[in-house]
Amino acid sequence: MIRIDARELYQVLELTPPEQNILLVGKHGIGKSEMISHFYSQRQNLPVIPFFLGQMSDPGDLIGLLHKEEKTGRSVFLPPYWWPEPDLPVVLFLDELNRARPEILQAVQDLTLNKTLAGRALPSGSIVIAAVNGGEEYQLTELDPALVSRFNLYEFAPTVEDWLLWASDRNIDARVLTFIQQHPDYLDGDNPDADMAIATAGLVKTPDRRAWVKVANFVRNHTKLEDIHFKLIAGMVGTRASITFRQSLANQRGLTPEQLLLQFAKHSKQLKELEIQDFASLNERVLLWLNAGHCPNNKAENARKNLLKYLQYLAKAKQQEAIAHFSSLVQGPKFSDAMGFVAESMDLIDFLSEYLEAIEV
């Protein structure tokens, strides 16, 4: 199965013709629904109609109810509540496809083959996308190979960097952002994370991307976190993740991107306290901040000057690894907007170019 990350998913959605169907396979809580909704509603201006097929008990929820037409005496299906207006294409997002009842899947067969339901055709240009959860931990319905063959199949596996870019763009609380930077293994909850008493009852709470958004929204309103706050957080992401998060907060140090780029003279002395791993974290947070467009336009020129001062400090402090790390990140395709910001300063470009040339020599 072809594996794609978040950036590639957007490219797949953009390049796939409307007449072809897409099926995404991935764990719960990794953002499948949100990314699909955001892409089509924000970028393509198409309404997205979600169906959680695992919760449907009757095909009528999808195809409409059977009705006797008085004039002809024939049975017809009334259009369901979601049916689009003529000539207005829509995106049908069939979530939890492999949790659907067999009778629901029968209705989906015709939809995926002909873009029709109960003999009624969707408007031209309508798109069908489905998603399934993959893994032994889910209770799933085995899908008919004939149904699967009607989809272009991709495994959606967004990277930690994808989530950090997404979270920074939405101004997620910096404490959570920094924690995931430093402890990426806790983002998707692959580690066992439950007390034995709970685990033996079949209830294992593990962190996922959706849960960390809950944590970020929760801590945003609490500058100082107490014992009770971490107990609540444990209910969101599990005990082990909550303990590690608490320990991380006690050890977090360094400047924020705003302090470094907008108030360098005031906070630059703090750079002397940082070690190589702290510089690596700061580099990434700075680029995430720039990539998300958080720098005010009227302060952009000053921010570029301060960024150059930061890089010059690293050179003077013989932190070549930190400069190499920054240079490598900013040239990556996922930080293209940050690179555009940097490229507005010839001094920054000259510094990075001279540094790279020195390494090659």
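Just so we're clear, the structure is a prediction, and the values are computed from it rather than from any experiment. (Residues numbered from 1 in each chain as written. Predicted model: local features only at pLDDT ≥ 70, side-chain atom pairs only at ≥ 80, totals over all residues. Heavy atoms only, no water.)

Draft legend 1. Representation of empty space enclosed by the protein within the structure. Applying the stated criterion to the full structure yields two cavities of 30 Å³ or more. In this structure, the largest cavity encloses a volume near 40 Å³. Around the largest cavity sit K27, H28, I30, D188, T206, P207 and D208, which together line it. Partitioned by chemical class, the residues of the lining of the largest cavity number two nonpolar, two polar and three charged. (1 Å grid on protein atoms, 1.4 Å probe; cavity = no way out; pocket = protein on both sides within 12 Å on 5 of 7 lines; lining within 4 Å. Points joined across faces, edges and corners; volume = space filled by probe spheres on them. Nonpolar A, V, L, I, M, F, W, Y, C, P; charged D, E, K, R; others polar.)

Draft legend 2. Examining the pattern of salt bridges more closely. Tallied over the entire structure, the rule returns 10 salt bridges. Linking E34 and R170 is a salt bridge whose minimum nitrogen-to-oxygen distance equals 3.5 Å. Residue E34 is found in helix α2 (residues 32-43), and its partner R170 is found in the loop between α6 (160-169) and α7 (174-182); the two are separated by 136 residues along the sequence. With a shortest N-O distance of 4.0 Å, E161 and K334 are connected by a salt bridge. (Salt bridge = Lys/Arg side-chain N within 4 Å of Asp/Glu carboxyl O. Helix = DSSP H or I, 4+ residues; strand = E, 2+ residues; numbered from the N terminus.)

Draft legend 3. Broad picture of the pairing of strand β6 (residues 91-95). Judged by how many residues are buried, β6 sits mostly within the fold: five of five residues are covered. Neither face of β6 is left uncovered, since the one carrying V91, F93 and D95 and the one carrying L92 and L94 both have all their residues buried. As paired strands, strand β3 (residues 48-52) and β6 are joined by five bridges and run parallel to one another. Note that in β6 the partner of I49 across the bridge is L92. (Buried < 20%, exposed > 50% of the residue type's maximum accessible area, 1.4 Å probe, protein only. Pairing = 2+ DSSP bridges.)

Draft legend 4. Representation of the nonpolar core within the structure. Counting 59 residues, the largest nonpolar core has W163, V176, W212 and Y310 as the members making the most contacts within it. Once residues within four sequence positions are removed from consideration, W212 is found in contact with W163, V176, F179, I180, Y186, L187, P207, V237, A241 and F245. Residues V90, L94, L111 and L122 belong to the second largest nonpolar core, which totals 28 residues. (Core = buried A, V, L, I, M, F, W, Y, C linked by side-chain atoms within 4.5 Å. Contact = heavy atoms within 4.5 Å.)

Draft legend 5. Structural detail: the packing of aromatic side chains. Using the criterion set out here, one finds 11 aromatic pairs in the structure. Residues Y10 and F39 carry aromatic rings whose centres are separated by 5.6 Å and whose planes lie at 25 degrees to one another, so their mutual orientation is stacked. Of the two residues, Y10 is situated in helix α1 (residues 6-15) and F39 in helix α2; the sequence distance between them amounts to 29 residues. Of the two residues, Y10 and F39, both sit in the buried class. Ring centres of W212 and F245 lie 6.0 Å apart, and the angle between their planes is 65 degrees; on these two criteria the pair is classed as edge-to-face. Of the two residues, W212 is situated in helix α9 (residues 209-219) and F245 in helix α11 (residues 239-251); the sequence distance between them amounts to 33 residues. On the basis of relative accessibility, which here comes to 0%, the residue F245 falls in the buried class. A connected cluster of aromatic rings, assembled from ring pairs, spans F179, Y186, W212, F230 and F245. When the ring centre of Y10 is taken as reference, the NZ or CZ atom of R43 above it lies at 4.2 Å. (Phe/Tyr/Trp six-rings, centres within 6.5 Å; stacked < 30°, edge-to-face > 60°. Lys NZ or Arg CZ within 6 Å of the ring centre and 35° of its normal.)

Draft legend 6. Expanded view of helix α16 (residues 320-330). Of all the residues in α16, the buried ones are A322, I323, F326, S327, L329 and V330. Taken down its axis, α16 places every buried residue within 165 degrees of arc, on the same side. Across from the buried face of α16, at angles greater than 90 degrees, the exposed residues are E321 and S328. (Arc of directions from axis to C-beta.)

Draft legend 7. View of the sheet that holds strand β1 (residues 2-4). In space, the six strands of this open sheet follow the order β1-β10-β2-β9-β6-β3, with parallel pairing throughout. Edge positions in the sheet fall to β1 and β3, since each of these pairs with one other strand and no more. The sheet shows a mean angle of 25 degrees between the axes of neighbouring strands, direction not considered. Looking at chain direction, strand β2 (residues 21-26) and strand β9 (residues 127-133) are connected through five bridges and run parallel. Counted as the bridge partner of L23 is A130 from β9. In the packing of α2 onto the sheet, contacts are made with β2, β3, β6, β9 and β10 (151-156), and the angle to β9 comes to roughly 165 degrees. Taken strand by strand, helix α4 (residues 102-114) contacts β2, β6, β9 and β10, and its axis lies near 140 degrees from that of β6. (Axes fitted to C-alpha atoms, helices over the stretch in contact; angles between N-to-C directions.)

Draft legend 8. Summary view of a negative patch on the surface. Together, D347, D350, E354 and E357 give the surface a local cluster of negative charge. Here E354 falls in the exposed class, since its relative accessible area comes to 54%. (Patch = residues over 30% accessible without salt bridge, like charges linked within 9 Å, V, L, I, M, F, W, Y side chains within 5 Å. Areas by Shrake-Rupley, 256 points an atom, 1.4 Å probe, with all protein chains shown as cover. Lys, Arg positive; Asp, Glu negative; His and termini not counted. Charge placed at Lys NZ, Arg CZ, Asp CG, Glu CD.)

Draft legend 9. Focus on the packing of α7 against helix α14 (residues 276-291). Where α7 contacts α14, the two axes come as close as 11 Å, and the packing angle between them is 130 degrees. Here α7 lies oblique to α14, going by the angle between them. Where α7 crosses over α14, the two elements pack in a sense that is right-handed. Residues L177, T178, Q181 and Q182 of α7 pack against S281, E284, R285 and L288 of α14. Of the residues in the contact of α7 with α14, the class split is two nonpolar, four polar and two charged. (Parallel < 35°, antiparallel > 145°, perpendicular 65-115°, else oblique. Left-handed = near helix turned anticlockwise from the far one by under 90°.)

Draft legend 10. The arrangement of the layout of surface pockets in detail. There is about 1,000 Å³ of room inside the largest pocket. If you go around the largest pocket, you meet 38 residues; those closest to its centre are A6, Y10, M35, D162 and W166. For the lining of the largest pocket, the secondary-structure elements that each account for two or more residues are α1, α2, α6, α9, α14 and α17 (336-343). Here the residues of the lining of the largest pocket are counted per class, giving 14 nonpolar, nine polar and 15 charged. Counted as a void, the second largest pocket has a volume near 420 Å³. Looking at the lining of the second largest pocket, the elements with two or more residues in it are α6, α7, α12 (257-262) and α14. A per-class count over the lining of the second largest pocket returns eight nonpolar, nine polar and six charged.

Distances and angles like these do not, on their own, reveal function.
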